[in-house]
Amino acid sequence: MNEIKYKTYVQILKEELVPAMGCTEPIALAYAAATARDNLGCGPDNVEAYVSRNIIKNAKSVVVPNTNGLKGIEAAVAAGIISGVPGKLLEVISEVSEEQKRQIRNFMEEVPIKIAPLDSDVVFDIVLVLHHKSDEVKIRIAQNHTNIMYIKKNGVLLYQKTKSEPETENVPTDKNLLNLSDIIHFADTCNLDDIRPILTPQIKYNMAIAEEGLKNHYGANIGSTLLKFYGNDVRNRAIAKAAAGSDARMGGCAMPVIINSGSGNQGITASVPVIEYAHELNVPEDKLYRALAVSNLIAIHQRAGIGTLSAYCGAVSAGCAAGCGIAYLYGGRLEELAHTLVNSVVIVSGIICDGAKPSCAGKIASSVEAGILGYHMFMNGQEFKYGDGIVKCGVEETIQNVGRLGKEGMKETDKEIVKIMLDE
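Residues numbered from 1 in each chain as written. Predicted model: local features only at pLDDT ≥ 70, side-chain atom pairs only at ≥ 80, totals over all residues. Heavy atoms only, no water.

Visitor: Help me understand the overall build of the chain in this model?
Guide: Within the chain, the regular secondary structure consists of 16 helices and eight strands. Here the C-alpha atoms of the chain give a radius of gyration of 21 Å, agreeing with the 22 Å that 2.2 N^0.38 yields for 424 residues. Dimensions of the chain, computed from C-alpha atoms along their principal axes, come out at roughly 70 × 50 × 45 Å. Looking at the chain as a whole, 57% of its 424 residues qualify as buried. Considering only intrachain contacts with a sequence separation of at least 6, the fraction spanning at least 24 residues in the chain is 76%. Here the chain has roughly 17,200 Å² of accessible surface; of this, 50% comes from carbon and sulfur atoms. Taking the average location of the 42 positive side-chain charges in the chain and that of its 49 negative ones, the two points are 2 Å from each other. (Helix = DSSP H or I, 4+ residues; strand = E, 2+ residues; numbered from the N terminus. Rg over C-alpha atoms; globule rule 2.2 N^0.38 Å. Buried < 20%, exposed > 50% of the residue type's maximum accessible area, 1.4 Å probe, protein only. Contact = heavy atoms within 4.5 Å. Areas by Shrake-Rupley, 256 points an atom, 1.4 Å probe, with all protein chains shown as cover. Lys, Arg positive; Asp, Glu negative; His and termini not counted. Charge placed at Lys NZ, Arg CZ, Asp CG, Glu CD.)

Shown next, in the form of structure tokens:
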């Protein structure tokens with residue numbers, strides 16, 4: 001692998017695998033609110049939130065962490081205003097006192113928070129306006145969760161992003177260099193010192209929240225249900241623990257996770273099953289890190305063609321990628337991983353995203369199950385072949401078809417989902 005491609009792959013992992021607490025769309029709202037409050041210089045007496053419909057979809061039904069169970073856009077905005085620390089980015093509300101939790105609820109009861117759909121062609125778009133007496137601060141975040149486009153105070157620009165700005169963490173590295181063959185080669189040959197600092201927190205954080213989801217009551221308790229009724233073999237543990245991590249996260253657990261493609265659920269799904277299988281197989285630590293590099297990069301590769309938000313469930317990409325990471329642990333190479341990915345992705349590509357909420361855990365379970373089944377199909381001499389639905393001749397063409405399906409084909413589906421959720 002040439003030096004440019006190698007550095008690009010490392011940089012992609014650095015950018016995409018970052019810590020976050022809570023569902024990332026509400027947390028982006030909290031980040032925007034905290035930043036606006038700091039620029040206003042005080043708490044507002046009136047708030048307006050204009051958000052793209054996909055933000056409404058992903059923030060409407062999920063519990064915001066550190067709010068004593070409050071849900072939705074209003075809770076996220078109030079939490080950011082009362083307790084947010086912008087410098088913590090997607091962990092903006094990770095430190096909230098009991099008194100602040102009470103203040104968040106009081107703020108929601110006392111301060112008007114107007115929420116309206118934003119007429120925007122950008123699927124990820126947030127505009128917040130905070131008022132205090134005659135002062136006003138307006139902030140826009142677009143494209144990704146911490147990408148501030150502008151900040152205005154009383155109509156005067158305090159900050160505006162320009163095209164000439166150097167690339168930062170808010171300008172993602174181009175994913176066009178990703179392909180399955182090079183991902184495997186990168187995982188085989190990379191210097192572990194380049195990826196260990198990125199992946200070690202993923203192992204620690206994501207397994208911790210998975211265990212928390214099994215121990216306590218969160219959401220629909222999909223993880224514990226799976227273990228109760230389907231046994232304790234490694235396959236079911238891998239599925240159940242991934243689901244349990246989502247159970248906890250969607251249920252407002254304040255533990256951080258390492259995200260993938262802008263999503264904590266996808267970060268959990270791409271990592272926890274691989275880690276569970278690595279423990280079962282007792283593989284050396286370096287093999288686990290290399291398998292996680294495979295899983296994470298394949299998840300990112302699939303999602304890059306779809307975009308951050310879509311009607312296409314992101315757990316599908318991550319669950320199928322986890323199947324590839326498991327295949328790698330068993331010694332799989334390009335042929336095994338290509339067939340695992342194609343087999344699995346065509347099974348579950350019809351799962352829709354209807355926002356962040358407890359049922360995400362069930363979708364994760366189905367996606368991880370499909371990822372493992374895709375590998376076992378190949379090991380049993382079975383495969384879905386060219387011409388079977390969206391399957392094309394080669395894994396990369398099939399990935400492109402999935403990207404087309406998720407980005408273009410499901411646009412109208414996405415609009416209809418939001419209409420249903422908003423009772424329109």
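Here the narrative resumes.
Visitor: Explain helix 10 (residues 264–281) to me, please; I cannot follow it from the model alone.
Guide: Every α-helix winds through 3.6 residues per turn, so residues three or four apart in the chain are directed the same way. The first and last C-alpha atoms of helix 10 sit 26 Å apart over 18 residues, in line with the 26 Å expected at 1.5 Å per residue. Burial of helix 10 is extensive: 15 of the 18 residues sit out of reach of the surface. The residue sitting at the N-terminus of helix 10 and contributing the capping side-chain oxygen is Ser 263; that oxygen lies 3.3 Å from the backbone nitrogen of Asn 265. Asn 282 lies just past helix 10 and shows a positive phi near 55°. (Expected span 1.5 Å × (residues − 1). Polar contact = N/O pair within 3.5 Å; in protein donor to acceptor, adjacent residues only side chain to side chain.)

Visitor: So what exactly am I meant to see when it comes to the packing of aromatic side chains here?
Guide: Two numbers describe a pair of aromatic rings. These are the distance of the centres and the angle of the planes. Under the definition given, this model contains four aromatic pairs. Between the aromatic rings of Tyr 277 and Tyr 330, the centroid separation amounts to 6.3 Å while the plane-to-plane angle is 70°, which identifies the pairing as edge-to-face. In this pair, Tyr 277 is assigned in helix 10 and Tyr 330 in the loop between helix 12 (314–329) and helix 13 (334–348), connecting sequence segments 53 residues apart. Among the residues examined, Tyr 277 registers a relative accessible area of 3% and is labelled buried. Both rings, one in Tyr 330 and one in Tyr 375, keep their centres 5.7 Å apart while their planes meet at 25°; by these two values the pair is stacked. Linking Tyr 330 in the loop between helix 12 and helix 13 with Tyr 375 in helix 14 (residues 360–379), this pair joins segments that are 45 residues apart in sequence. Look at Tyr 330 and you get partly exposed, because its relative accessible area is 43%. Grouping aromatic residues by their ring pairs yields a cluster made of Tyr 6, Tyr 9 and Phe 186. Above the face of the Tyr 150 ring, Lys 152 is positioned so that its terminal group lies 4.9 Å from the ring centre. (Phe/Tyr/Trp six-rings, centres within 6.5 Å; stacked < 30°, edge-to-face > 60°. Lys NZ or Arg CZ within 6 Å of the ring centre and 35° of its normal.)

Visitor: Would you mind going over the environment of Thr 225 with me for this structure?
Guide: Relative to the assigned elements, Thr 225 resides in helix 8 (residues 222–230). For Thr 225, a relative accessible area of 36% gives the class partly exposed. Note: C-alpha distance between Thr 225 and Lys 419 (194 residues apart in sequence) is 31 Å. With near-sequence residues (within four places) excluded, Thr 225 lies in contact with Ala 220 and Tyr 230.

Visitor: Before we go on, may I ask you to explain the pattern of salt bridges in this structure?
Guide: The full count for this structure, using the stated rule, is 20 salt bridges. The salt bridge involving Lys 5 is made with Asp 182; its shortest N-O contact spans 2.5 Å. Of the two residues, Lys 5 sits in helix 1 (residues 3–16) while Asp 182 sits in helix 6 (residues 180–189), which places them 177 residues apart along the sequence. Of the two residues, Lys 5 and Asp 182, both sit in the buried class. Notably, a salt bridge pairs Lys 357 with Asp 354, separated by 2.7 Å at the nearest N-O pair. (Salt bridge = Lys/Arg side-chain N within 4 Å of Asp/Glu carboxyl O.)

Visitor: Even after reading the chapter, I still don't get the sheet that holds strand 6 (residues 148–153), so can you show me in this structure?
Guide: Whether parallel or antiparallel, the strands of a sheet pair through hydrogen bonds between backbone atoms. Across the sheet, which stays open at both edges, the six strands sit in the order 3-2-4-5-6-7 with mixed pairing between neighbours. Looking at the sheet topology across the chains shown, the edges are occupied by strand 3 (113–117) and strand 7 (156–160). Averaged over all pairs of adjacent strands, the angle between strand axes in this sheet comes to 15°, irrespective of strand direction. As judged from the five bridges shared by strand 5 (residues 135–142) and strand 6, these two strands associate in the antiparallel manner. (Pairing = 2+ DSSP bridges. Axes fitted to C-alpha atoms, helices over the stretch in contact; angles between N-to-C directions.)

Visitor: I keep staring at the nonpolar core and nothing clicks. Help me out?
Guide: Side chains of nonpolar character tend, in soluble globular proteins, to be buried together. Among the nonpolar cores identified, the biggest contains 132 residues, and Ile 126 and Phe 186 are the most heavily contacted of them. Each residue touching Phe 186, except ones within four places of it in the same chain, is listed here: Met 1, Tyr 6, Tyr 9, Val 10, Leu 13, Ile 195, Ala 293 and Leu 297. Within the second largest apolar cluster, five residues are counted, among which are Cys 23, Val 62, Ala 356 and Cys 360. (Core = buried A, V, L, I, M, F, W, Y, C linked by side-chain atoms within 4.5 Å.)

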